[in-house]
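# Structural features, examined
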Amino acid sequence: MAATGKAQEGRARAPFPPRWVKRTGMTLGSIAITMLGLLFVTFLIGRVMPIDPVLAIAGERASPEVYDRVHQELGLDRPLMVQFWFYLQDVLRGDFGTSLLTARPVSEDIARVFPATLELATLGTLIGVLLGVPLGVLAAVRRGSWIDQVARVVALVGYSMPIFWLGLMGLLIFYGILGWVGGPGRLSIFYDGMIEPVTGMILIDSALAGDWTVFRDAVNHIVLPASLLGYYSLAYISRMTRSFMLEQMSAEYVTTARVKGLSERAVIWNHAFRNIRVQLITVIALSYAGLLEGSVLTEIIFAWPGIGSYITNALLSADMSAVLGGTVVVGLAFVLLNVFSDLLYKVFDPRAK
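Criteria and cut-off values
- Residues numbered from 1 in each chain as written.
- Predicted model: local features only at pLDDT ≥ 70, side-chain atom pairs only at ≥ 80, totals over all residues.
- Heavy atoms only, no water.
- Helix = DSSP H or I, 4+ residues; strand = E, 2+ residues; numbered from the N terminus.
- Expected span 1.5 Å × (residues − 1).
- Buried < 20%, exposed > 50% of the residue type's maximum accessible area, 1.4 Å probe, protein only.
- Arc of directions from axis to C-beta.
- Core = buried A, V, L, I, M, F, W, Y, C linked by side-chain atoms within 4.5 Å.
- Salt bridge = Lys/Arg side-chain N within 4 Å of Asp/Glu carboxyl O.
- Axes fitted to C-alpha atoms, helices over the stretch in contact; angles between N-to-C directions.
- Parallel < 35°, antiparallel > 145°, perpendicular 65-115°, else oblique.
- Left-handed = near helix turned anticlockwise from the far one by under 90°.
- Contact = heavy atoms within 4.5 Å.
- Nonpolar A, V, L, I, M, F, W, Y, C, P; charged D, E, K, R; others polar.

## Observations regarding helix α7 (residues 146-160)
- Between its first and last C-alpha atoms α7 spans 21 Å; for 15 residues at 1.5 Å apiece the expected length is 21 Å, and the two agree.
- By the burial criterion, the buried members of α7 are I147, D148, A151, A155 and G158. In an axial view of α7, the angular spread of the buried residues amounts to 100°, which keeps them on one side of the axis. The outward face of α7, more than 90 degrees from its buried face, is lined by the exposed residues W146 and L156.

Shown next, in the form of structure tokens:
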């Protein structure tokens, strides 16, 4: 009876709803609030831009009658909050309107161009992580040596050199003079349209189709822009890794581990590096998100048909539906990456559990 009573008392004290339900609800709530704010800001940007959407549709020579009719069809005669309410309903249905530039739904255009940016940014981030993290660790361990000086110069050049200048020099040297890489675009003209899109990423689709000739051509075209973005990511990741490691290497537990006779490799990777993994998650996530939305100049220089060039062309053509739709998608990518990094916190940091 006593045991039964204790069990009943324990069940009575159990939190309701469970803790994971509360955490999930708070996460979803924060995502909803963030996205609502993003949608409101993008909506206001579309209204305050010095671009008349009516003239973009009807033309500058439209008669007053045509202008008024288009103005009413777009709902611009309604109060601002009413316009935002209808805009919010359309976005929740995945309807960003119709692009004036392509005459297709913006959602279809984004589904077509975003995989190209995702493929490019992912490869750039992988290059930055695989090279930047070891370089930052080595620079911190060999502080003051020539390795540290080289790492700092590499990071400084990556920060200071304009990405468009590096892209132009890369095309001139490695494509125009040496001929080591492919030119602008994702594929050579001969191979364009030969692979049925499945994921929208040429490397994956050509590998799934077993067409290794197209795969090699795609690698030949993506290697230079991905390397440039990877260098930009490497500069940021190596610098932050070096800073994090310097802080850990001067901690008392590192000295204690050395006194106990642990090897230098074990001290560096099993102790110091383990304690900066959570910080590196944030750095890598921010770097990845930055490449997803910040590769506009790279995409333009290399004629890469990604979301950056899509938004730029839409902005130059006064296609505000496409601009706002692309902005919302990029903002959603930022939010999802932040949520994913929070989930990784719980995996690598026991205190977050």
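## Regarding the nonpolar core
- Counting 25 residues, the largest nonpolar core has L39, Y87, V106, I110, I307, Y310 and V328 as its most contacted members.
- For this core, the secondary structure elements donating two or more residues are α2 (19-48), α5 (80-92), α6 (106-141), α15 (307-316) and α16 (320-348).
- For this core, the leading source of residues is α16, giving eight residues.
- Listed in part, the 20 residues of the second largest apolar core include L187, Y191, V214 and W304.

## Quick word on the pattern of salt bridges
- Under the criterion given, the structure shown has six salt bridges.
- Of the charged contacts, one joins R104 and D109 as a salt bridge, the two residues approaching to 3.2 Å between their closest N and O atoms.
- Note on D109: relative accessible area 0%, which makes it buried.
- Of the charged contacts, one joins R186 and E119 as a salt bridge, the two residues approaching to 2.8 Å between their closest N and O atoms. One end of the pair, R186, is in the loop between α8 (163-177) and α9 (202-209); the other, E119, is in helix α6, with 67 residues separating them in the sequence. The residues R186 and E119 share a single accessibility class, namely buried.
- Several salt bridges share partner residues, and in doing so they unite R104, D109 and R112 into one network.

## Comments concerning the packing of α7 against helix α10 (residues 212-249)
- Contact pair α7 / α10: the axes reach a minimum separation of 8 Å and the direction vectors enclose 135°. Accordingly, the angle class assigned to the pair α7 and α10 is oblique. For α7 against α10, the interelement crossing comes out left-handed. Seen from α7, the contacting residues are D148, R152, V154, A155, V157, G158 and Y159; seen from α10, they are Y231, Y232, L234, A235, Y236, S238, R239 and R242.
- Here the residues of the contact of α7 with α10 sort into nine nonpolar, two polar and four charged.

Function-wise, these values are silent; they only describe arrangement.
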